[in-house]
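# Inside the fold
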2 protein chains.
Amino acid sequence: MELLNDMALFVEVVKANSFSRAAEALDMPNSTLSRRISLLEKEIGLRLLHRTTRRLELTEAGQIYFERSKRIVEEARLAHEQLGEMVAQPTGTLRVSMPVDFATTYVAPLLPRFATLYPGLAFEFDLTPRNVDLVAEPFDLAIRMAKPESPNLIARVIARVSAELYAAPEYLARDGIPAHPAELEGRQCLTMHTLASWALYSGSEAFEAKVGSRFACNSVAMIRRLTTLGMGIAFLPERVVAEDLQAGRLVSILSAWRGHPSSVYAVTETRLLPAKTQRFIEFLQEELRSE
Amino acid sequence: MELLNDMALFVEVVKANSFSRAAEALDMPNSTLSRRISLLEKEIGLRLLHRTTRRLELTEAGQIYFERSKRIVEEARLAHEQLGEMVAQPTGTLRVSMPVDFATTYVAPLLPRFATLYPGLAFEFDLTPRNVDLVAEPFDLAIRMAKPESPNLIARVIARVSAELYAAPEYLARDGIPAHPAELEGRQCLTMHTLASWALYSGSEAFEAKVGSRFACNSVAMIRRLTTLGMGIAFLPERVVAEDLQAGRLVSILSAWRGHPSSVYAVTETRLLPAKTQRFIEFLQEELRSE
DNA sequence: GCCGATATTGCCATATACGGAATAATCAAT
DNA sequence: ATTGATTATTCCGTATATGGCAATATCGGC
């Protein structure tokens, strides 16, 4: 189907009823236009228009071809316009995969605003902890706490979060309040893995505490819950425990120290994104910048 | 609309569900195919398919685009097939302009066969003596007794006719039977123009007779009629007067001499002819070859 | 008959697209 | 885990098409 483009040129020539005007409308040299139409005719094997310098007349074949072609070209234009809409205007369903804790803590509070901003958008959130396959599964976007190693994926930083140290008053009453990160190493530190190191800094001072506890779990929600139950010390972003702080279930400790900020990434499979995805990423970046 | 061709390629890729198979089906290198699809996506601004080396999956945009594109491409294929039909199979109406005398004498007897050969064809004959404008008027074909001077027109020889000399027995009884072309010059010779020369030859002998008469007319039918009425000598192809010879209204004179064969041309505006025109020209050439 | 408009053709420098091979990457099988 | 086969992509030299300009031819109106 090598002659589809020429078909569009032909339609333009017929509509303009002139090669030179069509060339102008198409913004191409009339020499090219003339040559292309001639080639089209040679390819088809039929003359499409009788031409004199003054007049253009469709041949019988040209009339038939024009009637069909103009519809085809018009439909193609509509198809591209529709895709253009997708680029310009968020529509359809936005499918996002992200960690459940990030979703509930950071994304959920923003959703009402974003959803009212684009009433046409629907949402599907997948909060399973697994790393979804952005290629095989129909996700527009994944939010990851670490940069993906695959070079094919596009990762944009949408937030930078840093953890701080928290514990329940009961726990502190029992084990005492540490005065320096070094003192963490003997304590019950609720970590994601059985062995971990918490990199802390205070001003220009840095300290890496090798920590651990009898409880390790890969769920922030669980760590938080255990902490409020007085099981140990947690190293979490403030936003995660904001409610607990307000309610007095947790208090900040070693508040001069904090973790190094780590990035949260919006990961996509390509840069050629529909508007819904682009707007969502931009929105998250904007709203989470302060974190 | 620079991306119509690529649209067809995209459809093929989706249908084949593979770049390499699509490339094979399209008979093009897969490098080109891959590049074109990538450019299409870049042009549109959206990724159309997620691809790994093993699997192809349509994006949401790709699905929408495919649904529309496949219809468009299919319609285009149909359009071209329809034109292909016009090239291969005579259909529609064949519009021919030709001299009335040629039409009645030579073409008419052949028409029944040609018409039964192609039942789908209709005919429109314009027998006005004027030279029709093949460009401005919807004629597929003109038959001319002389080669057109315009170099833009395509002329094919469909017949070669040579005239011979005939007269009515009454005329010969009155004026005598000429024994040599030189004797023509004093006689009543019914010509198209007031002044004419009849170029005759017999074997290797040639003679150009400057002839004329009191009657000149630009109609073969009229000349024939006048001849049968004994008004003079006519210089016409045998076929024109065949009936008169059979009926004894005319007899051949100086039958060793005949005119130089002159060509009859089928004239078209282009070589890119629909089947109906091509078949008609071929048919005439075939049937009139013996003349 | 002349003049302006217009399609076509030719030319050539340049840009673009192509084609083939190499590369990278994925998935299945062992 | 590793290998191997399959497949999309990338690279790069080359071929092709384009664009701009001018010349040509021709039409149609004055």
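Residues numbered from 1 in each chain as written. Chains lettered and ligands numbered in written order. Predicted model: local features only at pLDDT ≥ 70, side-chain atom pairs only at ≥ 80, totals over all residues. Heavy atoms only, no water.

### Brief notes about the overall build of chain A
A count of helical and extended segments in chain A gives ten helices and 14 strands. For chain A, whose C-alpha radius of gyration is 31 Å, the value lies well above the compact-globule estimate of 19 Å for 291 residues. Burial status across chain A gives 47% buried among its 291 residues. Considering only residue pairs separated by 6 or more positions, chain A has 72% of its internal contacts joining residues 24 or more positions apart. On chain A, roughly 14,500 Å² of surface is accessible, and the fraction owed to carbon and sulfur atoms is 51%. (Helix = DSSP H or I, 4+ residues; strand = E, 2+ residues; numbered from the N terminus. Rg over C-alpha atoms; globule rule 2.2 N^0.38 Å. Buried < 20%, exposed > 50% of the residue type's maximum accessible area, 1.4 Å probe, protein only. Contact = heavy atoms within 4.5 Å. Areas by Shrake-Rupley, 256 points an atom, 1.4 Å probe, with all protein chains shown as cover.)

### What to know about the nonpolar core
Membership of the largest hydrophobic core comes to 60 residues, with the highest contact counts inside it found for A:Phe10 and B:Phe10. If we ignore the near neighbours within four places in the chain, the residues touching B:Phe10 are B:Ile37, B:Leu40, B:Leu48, B:Leu49, B:Leu58, B:Gly62, B:Tyr65 and B:Phe66. (Core = buried A, V, L, I, M, F, W, Y, C linked by side-chain atoms within 4.5 Å.)

### Comments concerning the protein's contact with DNA strand D
By nearness alone, 21 residues border DNA strand D, and A:Arg36, B:Phe19, B:Ser20, B:Arg51 and B:Thr53 come closest of all. Of what DNA strand D places within 4 Å of the protein, 78% of the atoms are sugar or phosphate. One of the backbone N or O atoms of B:Phe19 is found 2.8 Å from a phosphate oxygen in DNA strand D. In the model, a phosphate oxygen of DNA strand D is placed 2.8 Å from a nitrogen or oxygen of the B:Ser34 side chain. Put simply, the parts of the chain that give the surface near DNA strand D at least two residues each are α3 (30-44) of chain A together with α2 (19-26) and α3 (30-44) of chain B. Its residues assigned to classes, the surface near DNA strand D comprises three nonpolar, twelve polar and six charged. (Near = heavy atom within 4 Å. Polar contact = N/O pair within 3.5 Å; in protein donor to acceptor, adjacent residues only side chain to side chain. Nonpolar A, V, L, I, M, F, W, Y, C, P; charged D, E, K, R; others polar.)

### Description of the environment of A:Ala146
Residue and element names in this part refer to chain A. Relative to the helices and strands, alanine 146 is located in the loop between β5 (141-144) and β6 (154-161). A relative accessible area of 48% means that alanine 146 is categorised as partly exposed. Linking alanine 146 and alanine 76, residues 70 residues apart in sequence, is a C-alpha distance of 42 Å.

### Observations regarding the relation of the copies chain A and chain B
Under the fitted operation, chain A is carried onto chain B by 0.0 Å of movement along the axis and a turn of 179°, and the coordinates agree to an RMSD of 0.3 Å. Both copies of the chain, as the preceding transformation shows, are related through a two-fold rotation axis. The share of interface residues of chain A whose copies in chain B are also at the interface is 100%, consistent with both copies meeting through the same surface. (Least-squares fit on C-alpha atoms with pLDDT ≥ 70 in both.)

### Some thoughts on a nonpolar patch on the surface
All names here are of chain A. A surface patch of nonpolar side chains, about 210 Å² in accessible area, is lined by Val100, Phe125 and Leu127. If you trace the backbone, leucine 127 turns up in the loop between β4 (121-126) and β5. Residue class for leucine 127 comes out partly exposed when judged on its relative accessible area of 33%. (Patch = residues over 30% accessible without salt bridge, like charges linked within 9 Å, V, L, I, M, F, W, Y side chains within 5 Å. Salt bridge = Lys/Arg side-chain N within 4 Å of Asp/Glu carboxyl O.)

### Here's the deal with the confidence of the model for chain A
In regions of low pLDDT, the predicted coordinates are not meant to be interpreted in detail. For chain A, the mean per-residue pLDDT works out to 90, and 98% of the residues sit at or above 70. At the level of individual helices and strands, chain A shows its lowest average pLDDT in strand β2 (residues 56-58) of chain A, which scores 88, and its highest in strand β12 (residues 251-252) of chain A, which scores 96. (pLDDT = per-residue confidence, 0-100.)

### Section: the packing of helix α1 (residues 4-16) of chain A against helix α1 (residues 4-16) of chain B
It is at 6 Å that the axes of α1(A) and α1(B) come closest, and there the two elements cross at 145°. Residue-level inspection shows A:Leu4, A:Asn5 and A:Ala8 of α1(A) in contact with α1(B), the latter providing B:Leu4, B:Asn5 and B:Ala8. Of the residues belonging to the contact of α1(A) with α1(B), the class tally is four nonpolar, two polar and no charged. (Axes fitted to C-alpha atoms, helices over the stretch in contact; angles between N-to-C directions.)

### Some details on the protein's contact with DNA strand C
Around DNA strand C, the structure places 18 residues, and the nearest of them are A:Phe19, A:Ser34, A:Arg51, A:Thr53 and B:Arg36. Taking the atoms of DNA strand C that fall within 4 Å of the protein, sugar and phosphate contribute 73% of them. One of the side-chain N or O atoms of A:Ser34 is found 2.7 Å from a phosphate oxygen in DNA strand C. Side-chain polar atom of B:Thr32 to a phosphate oxygen of DNA strand C: 3.2 Å apart, as the coordinates give it.

### Thoughts on unusual backbone geometry
Residue and element names in this part refer to chain B. One non-glycine residue, asparagine 17, adopts positive backbone phi at about 55°. Relative to the helices and strands, asparagine 17 is located in the loop between α1 and α2. Assessed through its relative accessible area of 42%, asparagine 17 is described here as partly exposed. The phi torsion at leucine 254 lies on the positive side, around 45°, for a residue other than glycine. By the secondary structure assignment, leucine 254 is in the loop between β12 (251-253) and β13 (258-259). With relative accessibility at 11%, the residue leucine 254 sits in the buried group.

### Details of α3(A)
Each α-helix winds once per 3.6 residues, and so residues spaced three or four apart point in a common direction. Residues and elements named next belong to chain A. Taking 1.5 Å of rise per residue, 15 residues should cover 21 Å, and α3 covers 21 Å from first to last C-alpha, within 8% of that figure. Those residues of α3 not exposed but buried are Leu33, Ile37, Leu40, Glu41 and Ile44. An end-on view of α3 places all buried positions within 95° of arc, on one side of the element. Turned more than 90 degrees away from the buried face of α3, the exposed residues are Lys42 and Glu43. (Expected span 1.5 Å × (residues − 1). Arc of directions from axis to C-beta.)

### As for the sheet that holds strand β11 (residues 233-237) of chain B
Strand pairing in a sheet relies on backbone hydrogen bonds. The paired strands run either parallel or antiparallel. Residue and element names in this part refer to chain B. The mixed open sheet is built from four strands, whose spatial order is β8-β11-β7-β12. Across the chains shown, the open sheet's two edge strands, defined by having one partner strand only, are β8 (189-190) and β12. Two elements, β8 and β11, share two bridges in a ladder whose sense is parallel. Its bridge partner lying in β11, cysteine 189 is registered against isoleucine 233. (Pairing = 2+ DSSP bridges.)

### Concerning the pattern of salt bridges
By the definition in use, this model includes 38 salt bridges over all chains. Bridged by salt links that share partners, the residues A:Glu60, B:Arg95, B:Glu124, B:Asp140 and B:Lys276 form one connected network.

### Comments concerning the interface of chain A and chain B
Listed per partner, the contact involves 49 residues of chain A and 49 residues of chain B. Buried area between chain A and chain B, summed over both chains or domains, comes out near 4,400 Å², and the portion from carbon and sulfur atoms is 63%. Put simply, chain A and chain B have eight salt bridges between them. Elements that contribute at least two residues to the side of chain A that touches chain B include exactly α1, α3, β1 (49-51), α4 (60-88) and β3 (92-97) of chain A. The element that contributes the greatest number of residues to the side of chain A that touches chain B is α4(A), accounting for 18 residues. Here the residues of the side of chain A that touches chain B are counted per class, giving 25 nonpolar, nine polar and 15 charged. (Buried area = accessible area lost by both parts, 1.4 Å probe.)

### Quick look at the packing of α2(B) against α3(B)
All names here are of chain B. Packing of α2 against α3 leaves a shortest axis separation of 9 Å and a crossing angle of 110°. Taken together, the axes of α2 and α3 lie roughly perpendicular to each other. Considering only the axes of α2 and α3, their crossing is right-handed. Residues Phe19, Ala22, Ala23 and Leu26 of α2 form the contact with α3, whose own contacting residues are Asn30, Leu33, Ser34 and Ile37. Of the residues in the contact of α2 with α3, the class split is six nonpolar, two polar and no charged. (Parallel < 35°, antiparallel > 145°, perpendicular 65-115°, else oblique. Left-handed = near helix turned anticlockwise from the far one by under 90°.)

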